[in-house]
Amino acid sequence: MTIKKYFNESLIKTSKIKNIFSNSDIKNTENNKNYLSLMKNIGIIKYDERGNSGNKTSDSPEKYKLVDIGDLVINPMNVTIGSVGVSKYSGCLSSVYIVLKPKQNINSKYYHYVFQDKGFQKYLKTISYGIMEIRESLNKTEFFQLKIPFPSIDEQSKISAYLDKKTEKIDDLIKKIEEKKILFKEQEKSLIHKVITKGLNNKVKIKNSGKRWIGDIPIHWKMIKLKFLFSLIGGKDPKNIESVNGNYPVLGTGGEVGRGKEFLFDKKTLLVGRKGTVDKPYIFDEPFWVSDVMYFTVQKTQMTPDYLFYLFTTFPFERYIYGSAQPSMSRVDYENHHFPVPPIEEQKKILEYLKDKTELIKKMSRNQEKKIKILKELKYSLISEVIAGRKKLDRMNGE
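Not measured: the values here are computed from a predicted model.

Undergrad: Looking at this structure, how should I read the overall build of the protein?
TA: In terms of helices and strands, the protein carries eleven helices and 22 strands. Burial statistics for the protein: of 399 residues in total, 43% are counted as buried. Looking at the protein alone, contacts between residues at least 24 apart form 73% of all its contacts between residues at least 6 apart. Surface summary for the protein: the accessible area is close to 21900 Å², and the carbon and sulfur share equals 51%.

Below, the structure written as structure tokens:
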């Protein structure tokens, strides 16, 4: 694989990165505290805008690098997936980043698009090294010797303006579709909450459940503690772990065999989900091995595991018991929590109704996901065509 495959010098003028940018390594000796951060597919933002994601700022800001407006910043470990951005701010950021200071007659925004070219990103992987793929980092010596497009400043500006216009339209469409996806998710949650607390008959008489987060329920439903609906069993040290491991999924270093058709959840987390990860509650359809940091339920007679799943989805009850999320829930907390319980036959009808309705909503959401994927592919295909010189300026001017 060669760089010429992506940037054909017969189509576009090229130059080495070291001739286009200086590798700026100016340390934050004056204690600038305008902390910045680089986020994939977003670019350079102020650190306090990134929320809870990412690492905390350093206790030694003098070790940070200074960055100026117009500098191009890349993350050498994530540049192959688009972690690059032009800074709109003057400030400081982690020394792990590479700060590229543009030389004369350079439009940094144009080169931001160069680094968004998927073909170029694939090539950059060939000069990234590390013990694991997620820890690979650019070889800086090879990186600065790379030849990349070097059109005139006039062309850089025109290409940048064209791609800004086109990608902004695509991004706006993606944003609207993502907002629609959020509405579908809210619609699904609202539907589940309504049916799981009110049932399917809108004309039935209601009564106060006695719990403010549940509200009114049909008059013939009962409020029952979890311990009367399911036996709650915690994992314990196994007697014969080798034979068990040979037959059942392993969910910890010690535990107990569940018999399948049971509800599993972690003592330390209450995130709701289905099969796939250990730290989220889900229903197993076959025997499993549960560690001593989890509980699993054994059904009694008044509720099915699937119905209990929807109740957990609807009521994050650790917040109702404690007033906020807790790192761990005791068996007593779980067992003494009340749930609204319809007759078992009514539960089956509700489950059948929810299965049909939620699957329809999920299908619509998946369709939106497909649209987003197509738009993203269109966006990066457009960037690649323009940056690699396959789409000429004269053709762009007519659009």
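Undergrad: Can you help me understand the confidence of the model for the protein in this one?
TA: Close reading of the predicted structure is inappropriate where its pLDDT is low. When pLDDT is averaged along the protein, the result is 80; 72% of the residues meet or exceed 70. Here residues 237-256 is modelled with pLDDT under 50, and outside its nearest four sequence neighbours on either side it reaches 50 contacts, counting other chains as well. Note on residues 268-281: pLDDT under 50 across the span, and 36 contacts to partners over four residues away in sequence or across chains.

Undergrad: Please explain the sheet that holds strand β9 (residues 98-102) as it appears in this structure.
TA: One key point about sheets: their strands pair by backbone hydrogen bonds, in either a parallel or an antiparallel sense. Spatial strand order, β2-β9-β6-β7: four strands in an open sheet with antiparallel pairing. At either margin of the open sheet sits one strand with a lone partner, and together these are β2 (21-24) and β7 (84-86). The mean angle between the axes of side-by-side strands here comes to 25 degrees, regardless of whether they run parallel or antiparallel. The pairing of β2 with β9 spans four bridges and is classified as antiparallel. Looking across to β9, one finds that Ser-22 is bridged to Lys-101.

Undergrad: Help me understand unusual backbone geometry in this model?
TA: Leaving glycine aside, a negative phi is the common case for residues, and trans is the common case for peptide bonds. The phi dihedral of Asn-31 is positive, around 60 degrees, even though this residue is not glycine. Position of Asn-31 relative to the elements: it lies in the loop between β2 and β3 (36-39). The backbone phi angle of Asn-105 is positive, close to 55 degrees, even though this residue is not glycine. Within the element layout of this structure, Asn-105 appears in the loop between β9 and α2 (108-114).

Undergrad: I'm lost on the packing of helix α5 (residues 153-198) against helix α10 (residues 344-387) in this one. Help?
TA: Pairs of packed helices are described in terms of their axes, by the angle between the two and the distance that separates them. Two elements in contact, α5 and α10, have axes whose closest approach is 10 Å; the angle formed by their N-to-C orientations is 170 degrees. One way to sum up the angle between α5 and α10 is to call them roughly antiparallel. Among the residues making up the contact of α5 with α10, the classes are represented as 24 nonpolar, five polar and twelve charged.

Undergrad: What is the right way to read the packing of α5 against helix α7 (residues 305-314) from this model?
TA: In the contact formed by α5 and α7, the axes pass within 10 Å of each other and the chain directions differ by 120 degrees. The angle between α5 and α7 falls in the class oblique. By crossing handedness, the relation of α5 to α7 is classed as left-handed. Seen from α5, the contacting residues are Ile-192, His-193 and Ile-196; seen from α7, they are Tyr-307, Tyr-310, Leu-311 and Thr-314. Broken down by class, the residue content of the contact of α5 with α7 amounts to five nonpolar, two polar and no charged.

Undergrad: Can you walk me through the pairing of β9 in this structure?
TA: Within a regular strand, the side chains alternate between the two sheet faces. Two strands pair when backbone bridges link them, and strand β6 (residues 72-74) and β9 are joined in this way by three bridges, in the antiparallel orientation. Residue pairing for β9: Ile-74 is matched across the bridge by Ile-98.

Undergrad: Teacher, can you tell me more about the nonpolar core here?
TA: Across soluble globular proteins, nonpolar side chains have a tendency to be buried as a group. Formed by 34 residues in total, the largest nonpolar core has its most connected members in Tyr-111, Phe-115, Leu-124, Phe-143, Leu-163 and Ile-387. When contributions to this core are tallied by element, the ones reaching two or more residues are α1 (17-20), β6, β9, α2, α3 (118-125), α4 (140-145), α5 and α10. At five residues, the largest contribution of residues to this core is made by α10. Apart from the residues within four sequence positions on either side, Leu-163 is in contact with Tyr-113, Glu-168, Leu-382, Ile-383, Val-386 and Ile-387. Counting residues in each nonpolar core, the second largest holds 27 residues, with Ile-196, Ile-214, Trp-221 and Tyr-334 among its members.

Undergrad: So what exactly am I meant to see when it comes to the pattern of salt bridges here?
TA: Two side chains with opposite charge may pair up if their charged atoms get near one another. Applying the stated rule across the entire model yields twelve salt bridges. The salt bridge partner of Asp-25 is Lys-27, with a shortest N-O separation of 2.9 Å. For Glu-359, the salt bridge identified is with Arg-366, shortest N-O distance 2.7 Å. Given the relative accessible area of 39%, Glu-359 is considered partly exposed. The class for Arg-366 is partly exposed, based on a relative accessible area of 43%. Several salt bridges share partner residues, and in doing so they unite Asp-25, Lys-27 and Lys-65 into one network.

Undergrad: I would appreciate a short explanation of α3 in the present structure.
TA: In an α-helix, one turn spans 3.6 residues, which is why side chains three or four residues apart end up on the same side. Among all positions in α3, only Gly-119, Phe-120, Gln-121, Tyr-123 and Leu-124 are buried. Where the residues of α3 are buried, they touch α2, β10 (128-129), β11 (137-138), α4 and β12 (147-149). Measuring from the side-chain oxygen of the N-cap residue of α3 to the backbone nitrogen of Gly-119 gives 2.9 Å; that N-cap residue is Asp-117.

Undergrad: Is there a simple way to explain the packing of aromatic side chains in this structure?
TA: Where two aromatic rings form a pair, the distance of their centres and the angle of their planes describe that pair. Summed over all chains, the structure comprises six aromatic pairs. With centroids separated by 5.5 Å and ring planes inclined at 70 degrees, the aromatic side chains of Tyr-35 and Tyr-64 adopt a geometry described as edge-to-face. Of this pair, Tyr-35 sits in the loop between β2 and β3 while Tyr-64 is found in the loop between β4 (43-46) and β5 (65-67), placing the two residues 29 residues apart along the sequence. Ring centres 5.1 Å apart and planes at 80 degrees place the aromatic pair Phe-143 and Phe-144 in the edge-to-face group. With relative accessibility at 11%, the residue Phe-144 sits in the buried group. Three or more aromatic residues joined by ring pairs form one cluster here, namely Phe-115, Phe-120, Phe-143 and Phe-144. The side chain of Lys-118 reaches across the aromatic face of Tyr-380, ending 4.2 Å from its centre.

What counts and how
- Residues numbered from 1 in each chain as written.
- Predicted model: local features only at pLDDT ≥ 70, side-chain atom pairs only at ≥ 80, totals over all residues.
- Heavy atoms only, no water.
- Helix = DSSP H or I, 4+ residues; strand = E, 2+ residues; numbered from the N terminus.
- Buried < 20%, exposed > 50% of the residue type's maximum accessible area, 1.4 Å probe, protein only.
- Contact = heavy atoms within 4.5 Å.
- Areas by Shrake-Rupley, 256 points an atom, 1.4 Å probe, with all protein chains shown as cover.
- pLDDT = per-residue confidence, 0-100.
- Pairing = 2+ DSSP bridges.
- Axes fitted to C-alpha atoms, helices over the stretch in contact; angles between N-to-C directions.
- Parallel < 35°, antiparallel > 145°, perpendicular 65-115°, else oblique.
- Nonpolar A, V, L, I, M, F, W, Y, C, P; charged D, E, K, R; others polar.
- Left-handed = near helix turned anticlockwise from the far one by under 90°.
- Core = buried A, V, L, I, M, F, W, Y, C linked by side-chain atoms within 4.5 Å.
- Salt bridge = Lys/Arg side-chain N within 4 Å of Asp/Glu carboxyl O.
- Polar contact = N/O pair within 3.5 Å; in protein donor to acceptor, adjacent residues only side chain to side chain.
- Phe/Tyr/Trp six-rings, centres within 6.5 Å; stacked < 30°, edge-to-face > 60°.
- Lys NZ or Arg CZ within 6 Å of the ring centre and 35° of its normal.

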